[in-house]
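Close look at the chain arrangement
Residues per chain, in single letters:
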Amino acid sequence: MTASRERPGDGWHALAAAEVLARLESGAAGLDTEEAARRLAAHGPNRLPPAKRRGPIARFVAQFDNVLIYVLLAAGAVTLVQGHLVDASVIFGVIVINAIIGFIQEGKAERALEAIAAMLSMSAVRLSRGRKTVVATTELVPGDVVLLQAGDKVPADLRLIEARSLRIQEASLTGESVPVDKLTQAMSSDTPLAERQCMAFSGTLVAAGHGCGVVVATGRDTEIGRISDMLAEVTTLTTPLLRQMAHFSRWLSFACLALAVGAFAFGVLVRSFTVDEMFLAAVGIAVAAIPEGLPAVMTITLAIGVQRMARRNAIIRRLPAVETLGAVTVICSDKTGTLTRDEMTVRTVGVGGRVLEVTGTGYAPRGEFLDDGGPVPPAEIPALVELARAALLCGDADLQREGEHWLVAGDPSEGALVAMAGKAGIAADKARRDHPRLDVIPFESERRFMATLHRRPDGGGGILLVKGAPERLLPMCGGQRDADGGVAALDSSYWHGFIDAVARHGERLLAVAMKPTDADHLDEHMVEHDLILLGMVGLIDPPRDEAMQSYRQVRDAGIDVKMITGDHAVTAAAIGMKLGMDSPEVLTGNDVDRLSESELRDAACATTIFARTAPEHKLRLVEALQACGHVVAMTGDGVNDAPALKRADIGVAMGRKGTEVAKEAAGMVLVDDNFASIAHAVEEGRIVYDNLKKAIVFILPTNGGEALVLVTAILLDLALPITPKQILWVNMITAVTLALALAFEPAEPGLMRRPPRPPDAPLLSPFLVWRIAFVSLLLVVASLGLFLWEIDQGADLATARTAAVNALVMGMIGYLWNARLLHASALTRRGLLGSKPVLISVALVILFQLLFTYAPPLQALFDTAGLGLDAWIRIAGLGLFVFVAVEIEKALLWLLGSKRG
């Protein structure tokens, strides 16, 4: 596991502001210019160290360090040695194109650290002995006092010494879904990062208010600097496919070498062939056994998968990541914006002794109020209309419509209140015109409420409106609105019960109160007492409807889903319950800190929800799951997610609201930030892997059949039925046509109801090895059998070889229909006619074979001869023979399997 670095700034949140200033030998007026310059020389500039970058040549050369490329290079070299310049050019062209794509993508990935650096502010306002000066952020040093206001990007890690209505958006760093209210009081030493309200962190955004703080950490010592270090240290794992290909290519290379050497030794020692003759024969066997077209087909299959995923809102940034999705066993998902809408919504209203449920999603002012499941017209509950109007007026947010989408301008929670008012039939513009605002006391963390003063429409005085935390407003209220719109005594026990019940569902509560007044301005004293409680509302960022459906889909596919969020444990548990997650237990970041590595592995597998997590917690959880043998997909959108995104087998970043840091660290980007798109991508990944297997199981029998034809000829002391040049022709033609058609195959039935393949499973299972061997023997029977038949009928060697090559290709055409469905029968309409690419590729191959047989230039190049109609009938019959034999084998295996079952 990557160890987190201890930083000088750790623990500042636990100290009083005065003690922080004393320790830093500073004051509320800031440092003088000379002291700031001295500290700058000692600490260095406030910026992240540049990432170690390879030069463009080294990066380009590194693109060839790949098992797939090794196989391609070997195939190209063999083809070049055989004198086929065109074939070799095609293979080497694929290599170069693949390297260029990888070079471009890696250049983007290496900009992840630059993207972090770009999050830092360019300038800041600091106090120098009480004077305000604008300086470059790189000049800030520990002890500097920095001023903050709405719209600023925090330039360094600050311990706040003043906060006036200060709210900072920290989602990119902590995962907190709403802006955090800031205050100046010291916190407990074990307070999680997301709850350190007296701190402002470098790279976060001031959403509202103003304040100032003393710089406690700069550059690498900031929270964002620590994440940058973690990101630089994290190693990216190779994909399951590349691991399998490494093992498979070693096995295949050994098998090809052993077959060629064995045939060479037998021919020289047993059949008394000359060394020169057997060397050429051994080279021919090696050429036959090496699947030259396989790497190219695999690369193209992955590329087709990339295109299909793009149509389903998943952009793949690294080609092998396509297949990794098909192997995923665990998805670690962020909550906000991925499983949820990232839009606050009022779900519950307590008013006039009634508890109402509010329907509708997001900020669209469309929905109903339900009482015991039945709709209630808002006009029938005057207290509800009054509550909704008051909540609207006591806020500053507005809603804007863009097409079918409603967006909030301002605080998300206030936007949800505006939407609720719309559902109650209240037009925001008209309500604000009818009740003009006279004065306001803005929300502050210490105060925990907002108050506004409005003129009544009838001119009969004013109305004071207050909204804020229920525990703050209840003591300020002397009565409450009853069901009939009158005023009754405040029932505190009822409201405390309501608060507990709603909070258990993870909803954030706001209380709304009012008081008639003749005043024309506000002061805190008049707000503190004799308010009338209008009611309370519960808000939540609800789960996406499609996320709930997709969650069930991936669970049916045998994939575990873990929610890892920076949000509160209660909120995370509530969303998990709505999604249907199994485990009610929630582990927090503090819990993770107390676990040993072995304990964490057990907890990571057993627990479903993790809350209040910091970047190092997410990274440790990913590593713990991988240590248990899982293939992990990690989703995220913030800079805090970047280390875990990079470490995961497949990192998934959010395209709409994700930071550039997260996107550059990930292997895939979701265009719509939707968990449903992850489920679609997993499905496409499984399709890609299935199609890769089909391509391999289709191509290898061609090579096996060719090699066995030559070996059998040597064993029987016969002339070679197929020459090395003809072997290369068959390999090239079948790979770029027939095998490629399998890359377009749709999903097989039940694809998302089967469990993920084991991460350590070999590329070829025993069943697939059997299928390859069986089909190879069928092709030997077809090709060698027809060769011997033609020789026995008096045909010359060129004619017999031409018939043998065509029989081999026709056998592959017959087998293509078998390979479309590895287990199910192809004797169906879907199996025979359900793929246009297959039909097109078969037509192309037949055209190529006619040219191979009859075109004079190709006759001269490949030593072929024309065939009669009777020969073509025999060739077609042999293709049908291969198809029927494999279908019989499928039926027998199914019968044996069902009897065992």
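Please read all numbers here as calculations on a predicted model, not as lab measurements.

**Some thoughts on the packing of helix 27 (residues 724-741) against helix 31 (residues 836-854)**
Contact pair helix 27 / helix 31: the axes reach a minimum separation of 7 Å and the direction vectors enclose 160°. One finds that helix 27 runs roughly antiparallel with respect to helix 31. The way helix 27 lies across helix 31 gives a crossing that is right-handed. Two secondary-structure elements touch here, helix 27 through Gln726, Trp729, Ile733, Thr737, Leu738 and Ala741 and helix 31 through Pro837, Val838, Ser841, Val842, Leu844, Val845, Phe848, Gln849 and Phe852.

**What to know about the pairing of strand 3 (residues 145-149)**
Of the strand pairs in this sheet, strand 1 (residues 123-128) and strand 3 are connected by three bridges, and their pairing is antiparallel. Across the sheet, the residue bridging to Arg126 is Val146, located in strand 3. Sheet topology places strand 3 next to strand 7 (residues 205-217); five bridges connect them, and they run antiparallel. Bridge assignment links Leu147 to a residue of strand 7, and that residue is Cys212.

**So, the sheet that holds strand 26 (residues 632-636)**
Read across the open sheet, the eight strands follow the order 8-28-27-26-9-23-25-24; overall the sheet is mixed. Each of the sheet's edge strands pairs with one partner strand only, and the pair in question is strand 8 (314-316) and strand 24 (586-588). Taken pair by pair, the neighbouring strands of this sheet meet at an average axis angle of 20°, ignoring direction. Summarising the sheet, strand 9 (residues 330-333) and strand 26 pair through three bridges and their orientation is parallel. Within strand 26, the residue paired with Ile331 across the bridge is Ala633.

**Some details on the pairing of strand 10 (residues 345-351)**
In terms of residue burial, strand 10 counts as a mostly covered element, since seven of its seven residues are buried. Here strand 10 runs beside strand 11 (residues 354-358); their pairing, made up of four bridges, is antiparallel. Its bridge partner lying in strand 11, Val351 is registered against Arg354. A loop of two residues connects strand 10 with strand 11, the two strands running antiparallel in sequence, and Gly352 in this loop sits at a positive phi of about 55°.

**Looking at the side chain of Arg620**
Within the fold, Arg620 resides in helix 23 (residues 615-627). The class for Arg620 is buried, based on a relative accessible area of 9%. A distance of 3.2 Å separates the side chain of Arg620 from the backbone oxygen of Val592, its partner in a polar contact.

**Points about unusual backbone geometry**
Phi at Ser165 takes a positive value of approximately 55°, unusual for a residue other than glycine. Located in the positive-phi region is Asp372, a residue other than glycine, with phi close to 55°. One can find Asp372 in the loop between strand 12 (369-371) and strand 13 (374-375). Judged by its relative accessible area of 81%, Asp372 falls in the exposed class.

**Some details on the packing of aromatic side chains**
The tally for this structure, following the rule as stated, stands at seven aromatic pairs. Measuring from ring centre to ring centre gives 5.2 Å for Trp729 and Phe852, while their planes differ by 20°; the resulting arrangement is stacked. With a gap of 123 residues between them, Trp729 in helix 27 and Phe852 in helix 31 connect regions that are remote in the sequence. Residues Trp729 and Phe852 agree in their burial class; the two are buried.

**Overview of the packing of helix 29 (residues 797-820) against helix 31**
For the pair helix 29 and helix 31, the least separation of the axes is 11 Å and the interaxial angle reads 180°. With respect to helix 31, the element helix 29 is oriented roughly antiparallel. Contacts from Thr802, Val805, Asn806, Val809, Ile813, Leu816, Trp817 and Arg820 in helix 29 reach Val838, Leu839, Ser841, Val842, Val845, Ile846, Gln849, Phe852 and Thr853 in helix 31. Class assignment of the residues belonging to the contact of helix 29 with helix 31 gives a composition of eleven nonpolar, five polar and one charged.

**Some remarks on the nonpolar core**
One broad rule of soluble globular proteins: the nonpolar side chains tend to lie buried together. Core analysis: the biggest nonpolar cluster contains 118 residues, and Ile331, Met668, Phe675 and Phe698 have the highest contact counts within it. Once residues within four sequence positions are removed from consideration, Met668 is found in contact with Ala314, Ile315, Ile316, Leu325, Ile650, Gly651, Val652, Ala653 and Ala681. Formed by 49 residues, the second largest nonpolar core is a distinct cluster that contains Trp12, Ile227, Leu231 and Met634.

**Quick notes on the side chain of Lys335**
Summarising the element assignment, Lys335 is placed in the loop between strand 9 and strand 10. Excluding residues within four positions of it along the chain, Lys335 makes contact with Thr340, Met563, Ile564, Thr565, Asp567, Thr571, Ala572 and Ile575.

**What to know about the layout of surface pockets**
Once rolled over the atoms, a probe with the size of a water molecule shows which space is left empty. One number sums up the size of the second largest pocket: a volume of about 1,400 Å³. Surrounding the second largest pocket, 50 residues form its lining, Arg167, Pro179, Asp181, Phe443 and Arg508 being those nearest its centre. Looking at the lining of the second largest pocket, its residues break down into 23 nonpolar, ten polar and 17 charged.

**Examining the confidence of the model for the protein**
On average, residues of the protein score 84 in pLDDT, and 87% of them are at 70 or above. Note on residues 1-9: pLDDT under 50 across the span, and 22 contacts to partners over four residues away in sequence or across chains. With pLDDT under 50 throughout, residues 105-114 is counted as low confidence; its partners more than four residues away or in other chains account for 23 contacts.

Criteria and cut-off values
- Residues numbered from 1 in each chain as written.
- Predicted model: local features only at pLDDT ≥ 70, side-chain atom pairs only at ≥ 80, totals over all residues.
- Heavy atoms only, no water.
- Axes fitted to C-alpha atoms, helices over the stretch in contact; angles between N-to-C directions.
- Helix = DSSP H or I, 4+ residues; strand = E, 2+ residues; numbered from the N terminus.
- Parallel < 35°, antiparallel > 145°, perpendicular 65-115°, else oblique.
- Left-handed = near helix turned anticlockwise from the far one by under 90°.
- Contact = heavy atoms within 4.5 Å.
- Pairing = 2+ DSSP bridges.
- Buried < 20%, exposed > 50% of the residue type's maximum accessible area, 1.4 Å probe, protein only.
- Polar contact = N/O pair within 3.5 Å; in protein donor to acceptor, adjacent residues only side chain to side chain.
- Phe/Tyr/Trp six-rings, centres within 6.5 Å; stacked < 30°, edge-to-face > 60°.
- Nonpolar A, V, L, I, M, F, W, Y, C, P; charged D, E, K, R; others polar.
- Core = buried A, V, L, I, M, F, W, Y, C linked by side-chain atoms within 4.5 Å.
- 1 Å grid on protein atoms, 1.4 Å probe; cavity = no way out; pocket = protein on both sides within 12 Å on 5 of 7 lines; lining within 4 Å.
- Points joined across faces, edges and corners; volume = space filled by probe spheres on them.
- pLDDT = per-residue confidence, 0-100.

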